[in-house]
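Spelled out, the chains give:
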Amino acid sequence: MTLDDLAAEVGIAVATLEKVALGEVGLTFKQLTNVAEYFGRGVLFFLEDEPVRAESVHTPAFRTLANQKPELSVKVRGLIERVEKQRAVFLALKEELDDPDLPAFVPPDFPAADPRAAAAIARKWLGLSDRNDFDSYRAAIEDKGVLVFRSNGYNGRWQIAKDSPILGFTLYDEVCPVIVVKKLQWETQQSFTLMHELGHLLLHRTSSIDDEADMNSHQGHERDANLFAGLVLVPDEFLLRVNDNTRPADVDQYDDWLDWCRKAWGVSTEVVLRRLLDCGRLPRHNYVAYRAWRAALHIEQKDGGSRAFRNREPKHIFGDPFVRTVLGALNGRYITLAKASRYLDGLKITDLHQLERHYAGL
């Protein structure tokens, strides 16, 4: 980032930062604290005499993502680090609880070179039914020992900015991998991102970060992850239920044509069209025309909505296994209320008690 960018973010004059960069003056402790907090570091990090070595600061998974997308914003990099810290918290609490009901990540063998076969295995492994939505897909994956986080819609520590092209990322780990999905206006889009990231996790067993271009890529690992996601969400037997004879002549009617299957399968029109295209049942110019029509639509973005149910937000962000584990540790007196609050996005104590009552069914 530039000094101008940093100055705007931390409230320090550009002239002051320019002098610091030249070694002419130092920052006040308050100014240094602002810089440290912005970058997610302690003040002492900036006072060490030794030069900074990336391998001593960042995990291999973080460096993998940073290498894939060198242009990542500071906020996205900070989010990745926070996700890694949350995973460490989860694993520590899980070990303390020693709860046999918490699922372990033990995937079957997936043929990396055959996304079609892998998708069939994945649907069976996840136990997917014929009707799904984002929440049921998420729950099925969480039940297999994968943490699934979703960014929130508010400007804060757990948001992926609306104008950011990043749609999701995967932090691979043999014990506890994490998938992070950007919150979007349409949950059907989130479902595809979720399965795309699961494809990277199961097929490639590596960390990956993906933007809009990756979701439409026809090359390498991104192509495989896209094919895998499409086949998990819309397997061949589902496509047999789509009647080509009723396909409208105008692409602006495709959403209505496929409304029933979008609702049943929890997918977007584009995912179904893409599958039909790959099967040779839809002319490419129809698919391209639909995408162009869709891109030209002006869809009003929601502003994030009300936070009346603030106590439920940790479940939406971190998922059910994480929240249950934190509450279990709190109930077992392994952690304090203050720590539980910190782990659950800084919930106020009153909201934390409401969350406990919600999980208790009260």
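Visitor: What am I meant to see in empty space enclosed by the protein here?
Guide: Where empty space is left can be seen by rolling a probe of water-molecule size over the atoms. By the definition in use, this model includes one cavity of 30 Å³ or more. In this model, the largest cavity occupies a volume close to 80 Å³. If you go around the largest cavity, the residues you meet are Phe-90, Leu-91, Lys-94, Leu-102, Pro-103, Glu-142, Gly-145, Val-146, Leu-147, Val-175, Cys-176 and Pro-321. Sort the elements by how many residues they give to the lining of the largest cavity and helix α6 (residues 74-97) lands first, with three residues. For the lining of the largest cavity, the class distribution of residues is nine nonpolar, one polar and two charged.

Visitor: Hey, could you run me through the sheet that holds strand β3 (residues 178-181) in this one?
Guide: Sheet strands line up and pair through hydrogen bonds in the backbone, either parallel or antiparallel. With respect to topology, four strands assemble into an open sheet ordered β1-β3-β2-β4, the strand pairing being mixed. Either end of the sheet is taken by a strand with one partner, and the two such strands are β1 (147-150) and β4 (208-211). The mean angle between the axes of side-by-side strands here comes to 10 degrees, regardless of whether they run parallel or antiparallel. Helix-sheet contacts for helix α8 (residues 134-142) involve β1 and β3, and the interaxial angle to β1 is about 145 degrees.

Visitor: Please explain the pattern of salt bridges as it appears in this structure.
Guide: Charged atoms that come close allow side chains of opposite charge to pair. Evaluated as defined, the whole model comprises 17 salt bridges. For Arg-291, the salt bridge identified is with Glu-270, shortest N-O distance 3.1 Å. Residue Arg-291 is located in helix α15 (residues 284-296), and its partner Glu-270 is located in helix α14 (residues 269-278); the two are separated by 21 residues in the primary sequence. With a relative accessible area of 33%, Arg-291 lands in the partly exposed category. One connected set of salt bridges, linked through shared partners, spans Lys-69, Asp-211 and Asp-214.

Quick notes on the rules
- Residues numbered from 1 in each chain as written.
- Predicted model: local features only at pLDDT ≥ 70, side-chain atom pairs only at ≥ 80, totals over all residues.
- Heavy atoms only, no water.
- 1 Å grid on protein atoms, 1.4 Å probe; cavity = no way out; pocket = protein on both sides within 12 Å on 5 of 7 lines; lining within 4 Å.
- Points joined across faces, edges and corners; volume = space filled by probe spheres on them.
- Helix = DSSP H or I, 4+ residues; strand = E, 2+ residues; numbered from the N terminus.
- Nonpolar A, V, L, I, M, F, W, Y, C, P; charged D, E, K, R; others polar.
- Pairing = 2+ DSSP bridges.
- Axes fitted to C-alpha atoms, helices over the stretch in contact; angles between N-to-C directions.
- Contact = heavy atoms within 4.5 Å.
- Salt bridge = Lys/Arg side-chain N within 4 Å of Asp/Glu carboxyl O.
- Buried < 20%, exposed > 50% of the residue type's maximum accessible area, 1.4 Å probe, protein only.

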